[in-house]
Amino acid sequence: MSRARASELAPPNAAPRLDLAGLKGEFPIFEAQGPRFHYLDNAATGQICRAAAAALVDFETRARANVKRGVYRLADEATQAFEEARARIAAYLGAREAREVVITSGTTHALNIAAHTLCARLRPGDEILLSLAEHHANIVPWQLAAARVGAVIRAIPLDAEARLDLDRLTDLVSRKTKVIAVTHCSNVTGALTDLGRIREAAQAVGALFVVDGAQRAPHGPLDVQAMGCDLYALSGHKLFGATGAGALWIRAELAEELPPFLGGGEMIRRVTIERTSFAPAPHRFEAGTPPIGPALAMGAAAAWLAGLDWQAIHAHELALTERLLAGLRAIRGVRPIGPEGLQARAPLVSFVVEGVHPHDVCQLLDMRGVCTRGGHHCAQPLHEALGLEASVRASIALYNEAEDVDALLEGLEDVVRRLA
Ligand code: PMP
């Protein structure tokens with residue numbers, strides 16, 4: 001398995017061959033939807049792979065029992081399968097230990113745990129540094145948690161290519177900065193964040209470093225230790241698993257220090273009517289029945305993904321991104337936003353069509369079987385910084401083909417002919 005590094009997703013020298021038909025065959029949706037189906041909304045959700053679908057159905061129909069509490073065989077097997085899923089996610093993340101992985105309902109839940117537990121340690125006037133490129137899931141939880149303790153939110157601005165302007169870090173990071181929480185990959189521009197520079201800034205002042213990995217995780221195995229972050233969040237449904245599960249990796253030493261977020265069953269050591277002592281991590285952060293089937297699906301997807309040839313997939317995804325960017329630039333009135341080049345970007349491009357609302361663009365594309373997303377993509381501060389209300393987003397996954405990109409480009413030419 002080739003593990004991607006932080007300056008990742010760069011084009012390899014020689015593009016290895018990829019069995020695209022075989023890869024696509026691992027996703028039942030394509031058989032179900034037929035040939036006129038060009039799914040380019042992978043940043044919203046990826047399609048489920050066979051391994052994940054099988055794990056989900058198998059659990060729900062043949063092996064279902066609640067976890068962590070039963071003493072009979074079926075419950076014990078469910079618990080073992082759940083813990084195995086945790087270990088598979090840990091391996092995909094490059095974590096040292098499975099217990100560093102908390103199973104959540106998705107990235108949003110994971111970032112809410114991060115914000116509420118880390119902010120519990122803050123004092124009035126302490127600072128949390130975000131960026132203008134964040135998804136609302138990495139803004140709103142911090143605002144809610146910061147308001148409770150009187151902490152202050154600051155934001156890294158964007159540079160001319162809508163990347164995080166890391167030259168501003170020296171002005172923004174001080175001893176008051178207690179947490180830095182940024183996206184690994186923008187869900188609007190596809191820009192990958194230079195985590196190394198942020199890690200250095202965080203370490204220089206002893207701030208904790210949280211990474212929203214929702215958009216990076218579907219593009220190959222990770223290495224949280226090399227990244228040097230303290231917490232990392234991802235969603236199983238974007239990772240070609242089922243909807244309903246995600247994960248939060250918390251560095252082991254830190255996890256034991258943090259208070260719980262949600263309270264309830266399964267996260268306790270002892271409860272009296274006056275007070276509760278809590279279970280060790282990760283169980284302390286997993287109150288109630290977890291999303292067992294979706295967690296198993298996420299684990300199966302991660303294990304399947306980990307065995308793929310990521311050098312070949314990166315080359316393929318990058319070639320499609322290049323085709324998409326070049327095609328968009330060639331259409332009059334269409335303007336891609338975000339980084340100009342292919343370096344340090346995921347296969348995801350947003351754009352505007354002058355004079356046409358993004359929703360109209362998406363509807364017309366849908367008539368050709370092209371699935372894209374129009375709107376602010378839960379990133380209003382980023383759009384505001386770019387002077388936009390909304391944009392259209394095309395996001396590529398490992399199973400996409402040149403025909404998908406071409407169908408989008410042909411559709412856009414038609415949109416421009418008709419409406420612009
Ligand atoms: N962060 C980013 C960067 C995202 O793209 C998304 C999903 N669009 C989220 C967080 C939230 O993920 P979820 O809805 O799966 O919780």
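Residues numbered from 1 in each chain as written. Predicted model: local features only at pLDDT ≥ 70, side-chain atom pairs only at ≥ 80, totals over all residues. Heavy atoms only, no water.

Chemist: Just to check I follow, could you spell out the overall build of the chain for this structure?
Modeler: The helix and strand tally for the chain stands at 15 helices and 15 strands. A compact globule built from 420 residues should have a C-alpha radius of gyration of about 22 Å, and the chain, at 22 Å, falls within 12% of that. In terms of overall dimensions, the chain has C-alpha extents of about 70 × 55 × 40 Å along its principal axes. Within the chain, buried positions represent 57% of all 420 residues. Considering only contacts within the chain whose residues lie at least 6 apart along the sequence, 72% involve residues at least 24 apart. Mean positive and mean negative side-chain charge positions of the chain (43 and 48 charges, respectively) differ by 4 Å. (Helix = DSSP H or I, 4+ residues; strand = E, 2+ residues; numbered from the N terminus. Rg over C-alpha atoms; globule rule 2.2 N^0.38 Å. Buried < 20%, exposed > 50% of the residue type's maximum accessible area, 1.4 Å probe, protein only. Contact = heavy atoms within 4.5 Å. Lys, Arg positive; Asp, Glu negative; His and termini not counted. Charge placed at Lys NZ, Arg CZ, Asp CG, Glu CD.)

Chemist: Explain the layout of surface pockets here, please?
Modeler: Remark: the empty space left among the atoms is shown by a probe the size of a water molecule rolled over them. Reported here for the largest pocket is a volume of approximately 370 Å³. Around the largest pocket, the lining comprises 27 residues; the ones closest to its centre are Ala43, His135, Asn187, Lys238 and Cys378. At the level of elements, helix H5 (107-119) and strand E14 (373-375) are the ones that each hand at least two residues to the lining of the largest pocket. A breakdown of the residues in the lining of the largest pocket according to their chemical character gives seven nonpolar, 15 polar and five charged. Split by domain, the lining of the largest pocket shows at least three residues from each of two domains, domain 1 (6-45 + 309-419) and domain 2 (53-306). Reported here for the second largest pocket is a volume of approximately 190 Å³. (1 Å grid on protein atoms, 1.4 Å probe; cavity = no way out; pocket = protein on both sides within 12 Å on 5 of 7 lines; lining within 4 Å. Points joined across faces, edges and corners; volume = space filled by probe spheres on them. Nonpolar A, V, L, I, M, F, W, Y, C, P; charged D, E, K, R; others polar. Domains from an automatic or database assignment.)

Chemist: Just checking my understanding: could you explain the domain arrangement of the chain for this structure?
Modeler: Interfaces are often sized by the accessible area lost when the parts come together. Taken as a whole, the chain is organised into domain 1 (6-45 + 309-419) and domain 2 (53-306). Summarising the inter-unit geometry, the C-alpha centres of domain 1 and domain 2 are found 27 Å apart. In this assembly, 39 residues from domain 1 lie in contact with 30 residues from domain 2. Roughly 2,800 Å² is buried in total at the junction of domain 1 and domain 2, and carbon and sulfur atoms are behind 62% of that figure. Inspection of the region where domain 1 meets domain 2 yields zero salt bridges. Run the count over domain 1 and domain 2 and you get 20 residue pairs in polar contact (both at pLDDT 80 or more). It is helix H14 (residues 380-385) that provides the largest number of residues to the side of domain 1 that touches domain 2, a total of five residues. When the residues that make up the side of domain 1 that touches domain 2 are grouped by side-chain class, the tally is 23 nonpolar, ten polar and six charged. (Buried area = accessible area lost by both parts, 1.4 Å probe. Salt bridge = Lys/Arg side-chain N within 4 Å of Asp/Glu carboxyl O. Polar contact = N/O pair within 3.5 Å; in protein donor to acceptor, adjacent residues only side chain to side chain.)

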